Amino acid sequence: MTEKRFHLKPATTIISELNPMQKPLMTLGIIGAIALLISVVMTSGWVQGILYMIGLALGVTLLHARFGFTSAFRRLASVGNVQGLQAHMVMFAVATTLFAIILSTGFSFTGVTPAGYVSPVGVSVIFGSFIFGIGMQLGNGCASGTLYNFGGGASSMVLTLIAFIIGSTIGAYHFSFWMDTPSLPPISLAESTGLGFFGAWFVQMALFALIYGITIKIAKRKNPPSMKPLPTTSGWKKIFRGSWPLFTAAIILAILNALTLTVRGQPWGITSAFALWGGKTLQAIGVDVSSWGYFAGATGDALSQTVLADSTSVMNFGIILGAFIAATAQGTFRPKKFKPGVAGAAIVGGLLMGYGSRLAFGCNIGAYFGGIASFSLHGWVWAIMALLGTGLALFIRPLFGMMNPKKSDQFC
């Protein structure tokens, strides 16, 4: 049994019969996506429209591969399954290479000087990423996972998303307090060490290779259950109907993140929009959020503008709609009832993720993906602390009636 289960590179997709397309819902999604694109372009111009379309592509990619950050950490911490983390390393290798070229040359499609996500490393990042790691395991989704699963029809993600926005808003309110806690300055492996972008690229590629090699050893020693292959098809229909291999999605996500950097001058991010949505909501009922430290400067300017002028917001809308269209094309958009325990975990998890993302200068996308690809030390710290938070969350999940992967499982 052991020999049959172990594979160094188990397939993440398998050709099988697919669900019928949900054509009425898919048509509605496409019409809605086009209508929103027109609104974004008319309100904020074509650059925002392009970012919105990148968001659509991100949503489609995430849904088609069920690309997970939360599940990758949980599978690793619980049974030693490394498939998700290996996909992360491939994604990082491609993104780091593209980011190094873009940031070192200043290449941009729009004339905006590109800058990576390089943030301070201190108490706020350590604590924020740790509770984010707990939160994403309780909420059953990270920032990107919450959006694409929400668009894909996961009912509990409605609660997770609402709580995420509330937690992010509270984090914005407490932002000044956490910024006064002990911290190192922003540290870029490329610009703060003398390595330069080529030297930093070499160091990170070596780290990715080392981590990948360690995952192979973990897989051999732990012999964990594999991820359950997702149903797919063959030929051109696979692009629209079938699931995509995990590594294929990893490469596409890296390219889309680099494209985002060249269009808006910053990498892909998600959670700053949640704080903005919460801030605008409070402002609408008379709360003066402009006096909060988080909303100082350019961040505060967004409070007086339409959300369609906020690039992170329009990309988030694109992710949700892209995932919805992809799910209906696969015939998998079927919202279901969920248990009270799952509802409680979704709320607690969303609050922790929202609050933690503000403290840690981002989430699994802005801090982990964007931070590491930008050569920021805080991205690596985020990864370690979120993984530790995941380890603790494995003991908390059963309190809400949630299951963890077991070594005896056929799939995890």
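Since we're looking at a predicted model, the values are computed, not measured. (Residues numbered from 1 in each chain as written. Predicted model: local features only at pLDDT ≥ 70, side-chain atom pairs only at ≥ 80, totals over all residues. Heavy atoms only, no water.)

1. Concerning the overall build of the protein chain
Secondary structure summary: the protein chain contains 18 helices and 4 strands in total. Since a compact globule built from 412 residues should have a radius of gyration of about 22 Å, the 20 Å found for the protein chain is in line with a globular shape. In terms of overall dimensions, the protein chain has C-alpha extents of about 60 × 55 × 45 Å along its principal axes. Split into buried and exposed, the 412 residues of the protein chain put 55% on the buried side. Across the protein chain, contacts joining residues at least 24 apart in sequence account for 83% of those joining residues at least 6 apart. Carbon and sulfur atoms make up 70% of the accessible area of the protein chain, which amounts to about 17,400 Å² in all. (Helix = DSSP H or I, 4+ residues; strand = E, 2+ residues; numbered from the N terminus. Rg over C-alpha atoms; globule rule 2.2 N^0.38 Å. Buried < 20%, exposed > 50% of the residue type's maximum accessible area, 1.4 Å probe, protein only. Contact = heavy atoms within 4.5 Å. Areas by Shrake-Rupley, 256 points an atom, 1.4 Å probe, with all protein chains shown as cover.)

2. Here we look at unusual backbone geometry
Positive phi is not limited to glycine here, since arginine 66 has a value of about 45 degrees. The residue arginine 66 is located in the loop between α3 (46-65) and α4 (70-79) in this model. In this model, phenylalanine 375 sits at a positive phi of 70 degrees, which is unusual for a non-glycine residue. Summarising the element assignment, phenylalanine 375 is placed in the loop between α17 (364-373) and α18 (377-396).

3. Remarks on the packing of aromatic side chains
Scanning the entire structure with this criterion turns up 26 aromatic pairs. Judged by centre distance (6.4 Å) and plane angle (85 degrees), the ring pair of phenylalanine 175 and phenylalanine 361 falls under edge-to-face. Taken together, the positions of phenylalanine 175 in helix α9 (residues 175-179) and phenylalanine 361 in the loop between α16 (340-359) and α17 put the pair 186 residues apart, joining distant regions of the chain. Residue phenylalanine 175 is classed as buried on the basis of its relative accessible area, which comes to 16%. Each ring, one from tryptophan 268 and one from phenylalanine 369, has its centre 6.2 Å from the other, and the planes form 80 degrees; the classification is edge-to-face. Of the two residues, tryptophan 268 sits in the loop between α12 (246-264) and α13 (272-284) while phenylalanine 369 sits in helix α17, which places them 101 residues apart along the sequence. The class of phenylalanine 369 is buried, set by a relative accessible area of 0%. (Phe/Tyr/Trp six-rings, centres within 6.5 Å; stacked < 30°, edge-to-face > 60°.)

4. Quick look at the packing of helix α6 (residues 123-138) against α18
Contact geometry of α6 with α18 gives a least axis separation of 7 Å together with a crossing angle of 45 degrees. The orientation of α6 with respect to α18, classified from their angle, is oblique. Crossing of α6 against α18: the hand is right-handed. Counted together, Val125, Ile126, Ser129, Phe130, Phe132, Gly133, Ile134, Met136, Gln137 and Leu138 of α6 and His378, Val381, Trp382, Met385, Ala386, Leu388, Gly389, Thr390, Leu392, Ala393 and Ile396 of α18 form the full contact between these two elements. The residue makeup of the contact of α6 with α18, split by class, is 15 nonpolar, 6 polar and no charged. (Axes fitted to C-alpha atoms, helices over the stretch in contact; angles between N-to-C directions. Parallel < 35°, antiparallel > 145°, perpendicular 65-115°, else oblique. Left-handed = near helix turned anticlockwise from the far one by under 90°. Nonpolar A, V, L, I, M, F, W, Y, C, P; charged D, E, K, R; others polar.)

5. Describing the packing of α6 against α16
To characterise two packed helices, one gives the angle between the axes of the helices and the distance between these axes. Two elements in contact, α6 and α16, have axes separated by 7 Å at closest approach and are oriented at 155 degrees. With respect to α16, the element α6 is oriented roughly antiparallel. Here α6 and α16 pass one another in a crossing that is left-handed. For the pair α6 and α16, the contacting residues are Ser124, Val125, Phe127, Gly128, Ser129, Ile131, Phe132, Ile134, Gly135, Met136 and Leu138 in the first and Ala345, Ala346, Val348, Gly349, Leu352, Met353, Tyr355, Gly356, Ser357 and Leu359 in the second. A per-class count over the contact of α6 with α16 returns 14 nonpolar, 7 polar and no charged.

6. Considerations on the nonpolar core
In terms of nonpolar packing, the biggest core is built from 89 residues, with Phe67, Met91, Trp268 and Tyr368 touching the most fellow members. Counting 13 residues, the second largest nonpolar core, distinct from the first, contains Ala33, Leu37, Val40 and Ile325. (Core = buried A, V, L, I, M, F, W, Y, C linked by side-chain atoms within 4.5 Å.)

7. A few points about the side chain of threonine 390
For threonine 390, the position within the fold is in helix α18. Non-local contacts of threonine 390, meaning those with residues more than four positions away in its chain, are made with Phe73, Arg74, Ala77, Gly133, Ile134, Met136 and Gln137.

8. Considerations on α18
With 20 residues, α18 should reach 28 Å at 1.5 Å per residue; the first-to-last C-alpha distance of 29 Å fits that figure. Along α18, the residues classified as buried are His378, Gly379, Trp380, Val381, Trp382, Ala383, Met385, Ala386, Gly389, Thr390, Ala393 and Leu394. (Expected span 1.5 Å × (residues − 1).)

9. Overview of helix α7 (residues 143-151)
Because each turn of an α-helix spans 3.6 residues, side chains separated by three or four positions in sequence point in the same direction. Within α7, 8 of the 9 residues are buried, which leaves it mostly tucked inside the rest of the structure. When α7 is considered as a whole, its buried residues turn out to be Ala143, Ser144, Gly145, Thr146, Leu147, Tyr148, Asn149 and Gly151.

10. Some thoughts on the environment of lysine 238
Looking at the secondary structure, you find lysine 238 in helix α11 (residues 237-240). Ignoring sequence-local partners within four residues, the contact set of lysine 238 consists of Thr232, Thr233, Ser243, Trp244 and Pro245.

11. Looking at the state of the cysteines
On inspection of all chains with the given rule, the structure shows 0 disulfides. Its sulfur unpaired, cysteine 363 is 7.4 Å from the next cysteine sulfur, which belongs to cysteine 142. Just so you know, cysteine 412 is unpaired, no disulfide at all, and the nearest cysteine sulfur is the one on cysteine 142, 17 Å from it. When its relative accessible area of 17% is taken as the criterion, cysteine 412 is described as buried. (Disulfide = S-S within 2.5 Å.)

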